[in-house]
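Structural features, examined
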Amino acid sequence: MRLRVADPRTDAARVAEIYRPYVEDSIISFEEVAPSAAAMAQRIAGALELAPWLVAEEEGRVIGYAYAARHRDRAGYRWSVDLTAYVDSEFRGRGVGKALYGALLPTLRRQRFVNAYAGIGLPNDASVALHRSIGMSLIGVYERVGWKLGSWVDVAWYGMYLSEAARGKSAPLEPIPYRLLEEIERIPKT
């Protein structure tokens, strides 16, 4: 398995294909219409401005993806991100999600993000296990918060500190947008 940053031009169609059954056949996503490849390309490009969007490949085929997105829009939330991972049904249970998060989290720390969260539509034992395995803890449950496939769905919220700054009293350093982090890390260290 190879992990790399997603390319909206070449990966969007496959990412949309992986995501489609989660939208159409499950309570895992609260979207009701699966996005097209063009819409997914826009999502990937937009997400990459803030944080990494990673894909996992096996034999040149994308088999899963994970990314971080802004937790909320208001300025005071800028140190917090939401994590998301989706894996092709053929490859679930093989550590793809954990590998993607294993690559994503260190980058988010370098970007100076302080908190990471994940909302999980219940029931979803596999996602709960994945998020616990990376160190997240249950924060709370929004009961009956969404309606999907003919019933109300609870969403469990998991969270973790990415930095000790969350425990301090002083303001953390400003987060570094992903594109800027890429440029900074390409500068040779002298």
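Structural data are supplied above this passage.
Attention in this report is confined to the structure presented alongside it.

One can describe the packing of helix 3 (residues 96-110) onto helix 4 (residues 125-133) by two numbers: an axis separation of 10 Å at closest approach and a directional angle of 35°. As helix 3 runs across helix 4, the sense of the crossing is right-handed. Contact residues: Gly 97, Lys 98 and Tyr 101 in helix 3; Leu 130, His 131 and Ser 133 in helix 4. Of the residues that constitute the contact of helix 3 with helix 4, the class distribution is 2 nonpolar, 3 polar and 1 charged.

With that out of the way, let us pick up the nonpolar core. Within the largest apolar cluster, 29 residues are counted, with the highest numbers of intra-cluster contacts made by Val 81, Leu 83, Leu 108, Met 136 and Leu 162. Looking at this core, the element that brings in the most residues is helix 3, giving 6 residues. One finds Ala 6, Val 15, Val 55 and Ile 176 within the second-largest nonpolar core, a separate group that totals 23 residues.

Take the pairing of strand 3 (residues 61-70) next. Looking down a regular strand, the side chains alternate between one sheet face and the other. Most of strand 3 is tucked away: 7 of the 10 residues are buried. Of the pairings in the sheet, the one linking strand 2 (residues 53-58) to strand 3 comprises 6 bridges and is antiparallel in character. Note on strand 3: the bridge partner recorded for Ala 56 is Gly 64. Hairpin connection between strand 2 and strand 3: a loop of 2 residues separates the two successive antiparallel strands, and Glu 59 in this loop has a positive phi of roughly 50°.

Okay, the environment of Leu 173 next. If you trace the backbone, Leu 173 turns up in the loop between strand 7 (151-161) and helix 5 (178-186). Residue Leu 173 is classed as exposed on the basis of its relative accessible area, which comes to 56%. Setting aside its immediate chain neighbours within four residues, Leu 173 contacts Trp 79 and Arg 112.

Turning next to the packing of aromatic side chains. Ring pairs (aromatic) are described by centroid distance and by the angle formed between their planes. In total, this model carries 8 aromatic pairs according to the counting rule given. A centroid spacing of 5.0 Å and a plane angle of 70° characterise the contact between Tyr 19 and Tyr 86, whose relative ring orientation is edge-to-face. Of this pair, Tyr 19 sits in helix 1 (residues 8-25) while Tyr 86 sits in strand 4 (residues 80-87), and the two are 67 residues apart along the sequence. A ring pair is formed by Tyr 142 and Trp 157, whose centres lie 6.0 Å apart and whose planes are at 50°; its orientation type is tilted. Of this pair, Tyr 142 sits in strand 6 (residues 137-148) while Trp 157 sits in strand 7; the two residues are 15 residues apart in sequence, bridging distant segments of the chain. The class of Trp 157 is buried, set by a relative accessible area of 16%.

About the thresholds
- Residues numbered from 1 in each chain as written.
- Predicted model: local features only at pLDDT ≥ 70, side-chain atom pairs only at ≥ 80, totals over all residues.
- Heavy atoms only, no water.
- Axes fitted to C-alpha atoms, helices over the stretch in contact; angles between N-to-C directions.
- Helix = DSSP H or I, 4+ residues; strand = E, 2+ residues; numbered from the N terminus.
- Left-handed = near helix turned anticlockwise from the far one by under 90°.
- Contact = heavy atoms within 4.5 Å.
- Nonpolar A, V, L, I, M, F, W, Y, C, P; charged D, E, K, R; others polar.
- Core = buried A, V, L, I, M, F, W, Y, C linked by side-chain atoms within 4.5 Å.
- Buried < 20%, exposed > 50% of the residue type's maximum accessible area, 1.4 Å probe, protein only.
- Pairing = 2+ DSSP bridges.
- Phe/Tyr/Trp six-rings, centres within 6.5 Å; stacked < 30°, edge-to-face > 60°.

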